[in-house]
Amino acid sequence: MIHSDFHLHTSHSSDSQASMESMILRAIELSLNKICFTEHQDFDYPENKENLDFLVDLPSFKSELLSLKDKYNDRIQILFGAEVGLMPTTYDKCRDFAHSDDFDFIIGSTHIVDQMDPYEPIYFETYPGKKGLLRYLEVILQNVKVYHDYCVYGHLDYAVRYCPDKNYQFVYQDYADLIEEILKTIIEDGKGIEVNTGGYKYGLGYPNPHPDILKRYLELGGEILTIGSDGHCPEHMAYDFPKLRELLTSLGFRFYTVFQNQTPEFIKL
């Protein structure tokens, strides 16, 4: 079984209302033995109708985490992480943030492309259909070639969650050269990728990234693979983890990865 969820958000992220303690209690109920809170840090996030800034108050976040870590230390291991939104214009800010504290784990993610979040309709109006994921992957490649202060790259095909074209289907060969260069760059850099069950929650029928990307990552020698629900509330923690375990073992994965002090540990699936 999978007993660790390494992508979680609470009210310390501007897109969640969940208390940290409610997430911990749900994790214990689910028999998880490790969780990592990975609050958003997205510098220069563009203006949006919800007025979300995606900037964490790091001292407040860490203070509450350490208090609850002590309170529940005999029931679950609670780890200190962050999800850093990468853009070519913010590498220095992201690098300074990554070195500003003793994070156990850092997810590098792409949420903003050309000052647009694929979550917003304007993104796919600008890049319709498969062009949306193509442009998204181009920016990821730029990020991983330049930026190195992360442990795994999150939800590599995040953009497909929000494509409004109901006829769109991911086809690996449409992006094969670009994906392979991304995966090779990540592997050569000693980093890993995340498999994120948010894709199941959004009704894709598969996690992010797509199983064909996961399969190729393994074929290329990729070993570091963390598992996260991207849960922003207790109900979404460990989302479809049993289904994910079946998928990963069918693809040939034997282990998943957890981190402490940004050091990977491999756990048998």
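Residues numbered from 1 in each chain as written. Predicted model: local features only at pLDDT ≥ 70, side-chain atom pairs only at ≥ 80, totals over all residues. Heavy atoms only, no water.

Colleague: I'd like to hear about the overall build of the protein, residue by residue, with values.
Modeller: Looking only at helices and strands, the protein features nine helices and nine strands. Relative to a compact globule of 269 residues, whose C-alpha radius of gyration would be 18 Å, the protein shows 17 Å and is just as compact. With the C-alpha coordinates of the protein rotated into their principal frame, the extents come out at 50 × 40 × 35 Å. Every one of the 269 residues in the protein was classed for burial, and the buried ones make up 57%. A separation of at least 24 residues holds for 73% of the contacts in the protein among residues at least 6 apart in sequence. Distance between charge centres in the protein, computed from 24 positive and 43 negative side chains, equals 6 Å. (Helix = DSSP H or I, 4+ residues; strand = E, 2+ residues; numbered from the N terminus. Rg over C-alpha atoms; globule rule 2.2 N^0.38 Å. Buried < 20%, exposed > 50% of the residue type's maximum accessible area, 1.4 Å probe, protein only. Contact = heavy atoms within 4.5 Å. Lys, Arg positive; Asp, Glu negative; His and termini not counted. Charge placed at Lys NZ, Arg CZ, Asp CG, Glu CD.)

Colleague: Can you break down the pattern of salt bridges residue by residue, with the values?
Modeller: Counted by the stated rule, this structure contains 15 salt bridges. Salt-bridge contacts for Asp44 lead to Lys93; the nearest nitrogen and oxygen are separated by 3.1 Å. With a gap of 49 residues between them, Asp44 in the loop between β2 (34–41) and α2 (58–71) and Lys93 in helix α3 (residues 91–98) connect regions that are remote in the sequence. The exposure class of Asp44 is partly exposed, given its relative accessible area of 41%. (Salt bridge = Lys/Arg side-chain N within 4 Å of Asp/Glu carboxyl O.)

Colleague: Can you lay out the pairing of strand β4 (residues 105–109) for me, pointing to particular residues and giving the numbers?
Modeller: A regular strand places its side chains so that they alternate between the two faces of the sheet. For β4, the tally of buried residues reaches five of five residues, placing the bulk of the element in the interior. The two faces of β4 match: Phe105, Ile107 and Ser109 on one face and Ile106 and Gly108 on the other face are all buried. Following the chain from strand β3 (residues 77–85) across α3 to the adjacent parallel β4, one finds a crossover that is right-handed. Here β4 runs beside strand β5 (residues 152–153); their pairing, made up of two bridges, is parallel. (Right-handed = clockwise from strand over helix to strand, strands pointing away. Pairing = 2+ DSSP bridges.)

Colleague: Can you break down the side chain of His7 residue by residue, with the values?
Modeller: Within the secondary structure, His7 sits in strand β1 (residues 4–8). A distance of 3.0 Å separates the side chain of His7 from the side chain of Glu83, its partner in a polar contact. In this structure the side chain of His7 is engaged in a polar contact, spanning 3.5 Å, whose partner is the side chain of Asn196. Sequence-distant contacts of His7, defined by excluding residues within four places in its chain, comprise Cys36, Thr38, Glu83, Ile107, His155, Glu194, Asn196, Gly228, Ser229, Asp230 and Gly231. (Polar contact = N/O pair within 3.5 Å; in protein donor to acceptor, adjacent residues only side chain to side chain.)

Colleague: Report on the sheet that holds β2, specifying residues and quantitative values.
Modeller: Spatial ordering of the open sheet is given by β1-β2-β3-β4-β5-β6-β7, a layout of seven strands whose pairing is parallel. Sheet topology places β1 and β7 (225–228) at the edges, where each strand pairs with a single neighbour. The strands that helix α9 (residues 241–251) touches are β1, β6 (192–196) and β7; relative to β7, the one it contacts most, it runs at about 155°. (Axes fitted to C-alpha atoms, helices over the stretch in contact; angles between N-to-C directions.)

Colleague: Tell me about the nonpolar core, residues and numbers included.
Modeller: With 88 residues, the main nonpolar core has Ile24, Ile35 and Phe37 as its most contacted residues. In terms of residue count, helix α5 (residues 130–146) provides more of this core than any other element does, seven residues in total. With residues near it in sequence (within four places) discarded, Phe37 still touches Leu8, Thr10, Met20, Met23, Ile24, Phe61, Leu65, Ile78, Leu79, Phe80, Gly81 and Ala82. (Core = buried A, V, L, I, M, F, W, Y, C linked by side-chain atoms within 4.5 Å.)

Colleague: Would you mind going over unusual backbone geometry in detail, with residue names and values included?
Modeller: Here the bond from Asn208 into Pro209 is cis, since omega is 5°, no more than 30 degrees from zero. Relative to the helices and strands, Pro209 is located in the loop between α7 (198–201) and α8 (211–219). Backbone geometry places Asn51, a non-glycine residue, at a positive phi of 55°. With respect to the helices and strands, the residue Asn51 is situated in the loop between β2 and α2.

Colleague: Go over the pairing of β7, please, and point to the residues and values.
Modeller: Going residue by residue along β7, you find Leu225 and Ile227 tucked away on one face and Thr226 and Gly228 tucked away on the opposite face as well. Here β6 runs beside β7; their pairing, made up of four bridges, is parallel. The residue bridging Asn196 from the neighbouring strand is Gly228, located in β7.

Colleague: Quick one: what's the story with the packing of aromatic side chains, residue by residue and with numbers?
Modeller: Any two aromatic rings considered together are summarised by their centre-to-centre distance and by the angle between their planes. Overall, the coordinates contain 16 aromatic pairs when judged by the stated rule. When the centroid spacing of 4.7 Å and the interplanar angle of 25° are considered together, the rings of Phe80 and Phe103 count as stacked. Note that Phe80 is positioned in strand β3 and Phe103 in the loop between α3 and β4, a separation of 23 residues in sequence. Residues Phe80 and Phe103 agree in their burial class; the two are buried. Here the aromatic rings of Tyr119 and Tyr162 are separated by 5.4 Å at their centres, their planes lie at 85°, and the arrangement is edge-to-face. A residue pair is termed long-range when its members are at least 10 positions apart, and Tyr119 in the loop between β4 and α4 (121–126) and Tyr162 in the loop between β5 and α6 (176–188) qualify at 43 residues. You can call Tyr119 partly exposed: its relative accessible area is 45%. Of the aromatic side chains, those joined through ring pairs into one cluster are Phe43, Phe61, Phe80, Phe97 and Phe103. Above the plane of the ring of Tyr200 lies Lys243, whose end atom (NZ or CZ) is 4.9 Å from the centre. (Phe/Tyr/Trp six-rings, centres within 6.5 Å; stacked < 30°, edge-to-face > 60°. Lys NZ or Arg CZ within 6 Å of the ring centre and 35° of its normal.)

This is a description of form; function is not addressed.
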